[in-house]
Amino acid sequence: MKATWTAAALLLAALALPAAAYAAPQASPAAPQASPHASQDMGAPDRYNHQGDLRNPKGHPHHDRYREARKLAMLKEAAAYFGIKADGKTEEQLRQEIHAAKEKQPEKWTAFKASMKEKRFARMKEFAVKQGIKVEGKSEQQLREELKSLHEQGKLKVPAPKGPHQMDGTRPS
C-alpha cells in the first residue's frame with residue numbers, strides 16, 4: 001500500500017512540474033518592466049494597490065472620519081460623566097483630563113464603564129429584536145453569538161448601524 005501511495009505522489013509531482021514550467025511566462029527583452037511600486041506591494045499584507053491607495057488596516061480608508069468622530073464622541077461622553085468641560089479642548093487634552101479623573105475616582109470610573117456596558121447591551125437587544133431573536137433571559141455573549149451566526153449565514157434583516165451619525169437613529173441630511 002505504501003509503495004502505491006509513493007508511486008502516485010511521484011507521478012503527480014512529475015506531471016505537475018512540466019505543466020508549471022509550460023504555464024510560467026517567459027521573460028522577453030521586449031517585456032515591460034515591473035512597476036516601481038511592485039516591490040512595496042509584495043509581501044506587505046496590509047497594502048492594497050487599487051489606484052495607488054494604501055489600505056487602512058482597520059477598515060476602509062475613507063471611514064477614518066467616522067472612527068475619529070466616534071472616538072471624540074466617546075471622550076466627550078466620559079468628560080460629561082466626570083463633569084469635565086469639553087468645549088474648545090483637543091482630543092489629547094480630554095484624554096489626559098479623563099485619565100486624571102479616572103485615577104482620582106476609580107469607583108466612578110467603574111460605574112461609568114458599567115453604564116456604558118448597559119447601553120451597549122440595550123442597543124444589542126434592540127437590534128436582536130429587529131432580527132426576530134427572543135432576548136428575554138439571554139446574556140450579552142449569547143446574543144452576540146446568535147447575531148454572529150445570523151451574520152455568517154447572511155440572514156440579517158436590517159443592517160447594523162455603521163457610523164456615529166446613526167447612533168441616535170437619524171440619518172445625515
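Residue numbers restart at each chain and count upward from 1, following the sequence in its written direction. The model is predicted, so local features are restricted to residues of pLDDT at least 70 and side-chain atom pairs to those at 80 or more, both for listing and for counting; the totals for chains, interfaces and linings are taken over all residues. As a convention, hydrogens and water are excluded, and side-chain values are obtained from all of the structure's heavy atoms.

### Focus: the overall build of the chain
Along its length, the chain carries six helices and zero strands. Counting from the amino terminus, helix and strand elements in the chain follow one another as α-α-α-α-α-α. Within the chain, the fraction of its 173 residues that count as buried is 15%. Of the contacts made within the chain by residues no fewer than 6 positions apart, 28% connect residues no fewer than 24 positions apart. For the chain, the accessible surface area stands at approximately 14,100 Å², while carbon and sulfur atoms represent 59% of it. Numbered from the N terminus, helices here are DSSP runs of H or I no shorter than four residues, and strands are runs of E no shorter than two. Only protein chains enter the calculation, and the probe is 1.4 Å; a residue is then buried if its accessible area is under 20% of its type maximum, exposed if over 50%, and partly exposed in between. Any two residues whose heavy atoms approach within 4.5 Å are treated as being in contact. Values of accessible area rely on a 1.4 Å probe in the Shrake-Rupley scheme; residue burial ignores everything except the protein chains shown.

### Points about the confidence of the model for the chain
What pLDDT expresses is the predictor's confidence in each residue, scored from 0 to 100. Here the chain averages 75 in pLDDT, while 55% of its residues score no lower than 70. Within the chain, no element has a lower average pLDDT than helix H2 (residues 38-41), which sits at 46, and none a higher one than helix H4 (residues 91-104), at 95. Scored below 50 in pLDDT, residues 34-54 makes eleven contacts in the model with residues more than four places away or belonging to other chains.

### What to know about the nonpolar core
Working definition of a nonpolar core: buried Ala, Val, Leu, Ile, Met, Phe, Trp, Tyr and Cys residues. They are joined through side-chain atoms within 4.5 Å. Core analysis: the biggest nonpolar cluster contains ten residues, these being Leu75, Ala78, Ala79, Phe82, Ile84, Ala86, Leu94, Ile98, Ala101 and Phe112. Of all the elements in the fold, those that place two or more residues in this core are helix H3 (64-82) and H4. Ranked by the residues each element gives to this core, the list is headed by H3, at four residues. Leu94 has contacts with Leu72, Leu75, Lys76, Ala79, Lys85, Ala86 and Lys89, leaving out every residue within four places of it along the chain. Ile133, Val135, Leu147 and Leu150 belong to the second largest nonpolar core, which has nine residues in total.

### A word on the packing of helix H5 (residues 106-130) against helix H6 (residues 140-153)
With their axes 10 Å apart at the nearest point, H5 and H6 run at an angle of 40 degrees to one another. Classed by the angle they form, the pair H5 and H6 counts as oblique. Considering how the two elements wind past one another, H5 and H6 form a crossing that is left-handed. Counted together, Lys117, Arg120, Phe121, Met124, Lys125, Phe127 and Ala128 of H5 and Glu140, Leu143, Arg144 and Leu147 of H6 form the full contact between these two elements. Residues were grouped as follows: Ala, Val, Leu, Ile, Met, Phe, Trp, Tyr, Cys and Pro as nonpolar; Asp, Glu, Lys and Arg as charged; and all remaining residues, including Gly, as polar. In the contact of H5 with H6, the residues fall into six nonpolar, no polar and five charged. Between the N-to-C directions of two axes lies an angle of 0 to 180 degrees, each axis being a line fitted to C-alpha atoms and, for a helix, fitted only over the stretch in contact. Angle categories: roughly parallel below 35 degrees, roughly antiparallel above 145, roughly perpendicular from 65 to 115, and oblique for all the rest. Crossing handedness is read from the near helix: turned anticlockwise from the far helix by less than a right angle, it gives a left-handed crossing, and turned clockwise, a right-handed one.

### Looking at the pattern of salt bridges
Side chains that differ in sign of charge can pair as their charged atoms come close. When a carboxyl oxygen of Asp or Glu is within 4 Å of a side-chain nitrogen of Lys or Arg, the pair counts as a salt bridge. This model, assessed by the stated rule, comprises seven salt bridges. The salt bridge partner of Glu97 is Lys89, with a shortest N-O separation of 2.8 Å. One salt bridge connects Arg120 with Glu140, and the closest N-O pair in it is separated by 3.4 Å. Placement of the pair is Arg120 in helix H5 and Glu140 in helix H6, with a sequence separation of 20 residues. Judged by relative accessible area, Arg120 falls into the partly exposed class, the value being 38%. One connected set of salt bridges, linked through shared partners, spans Arg120, Glu140 and Arg144.

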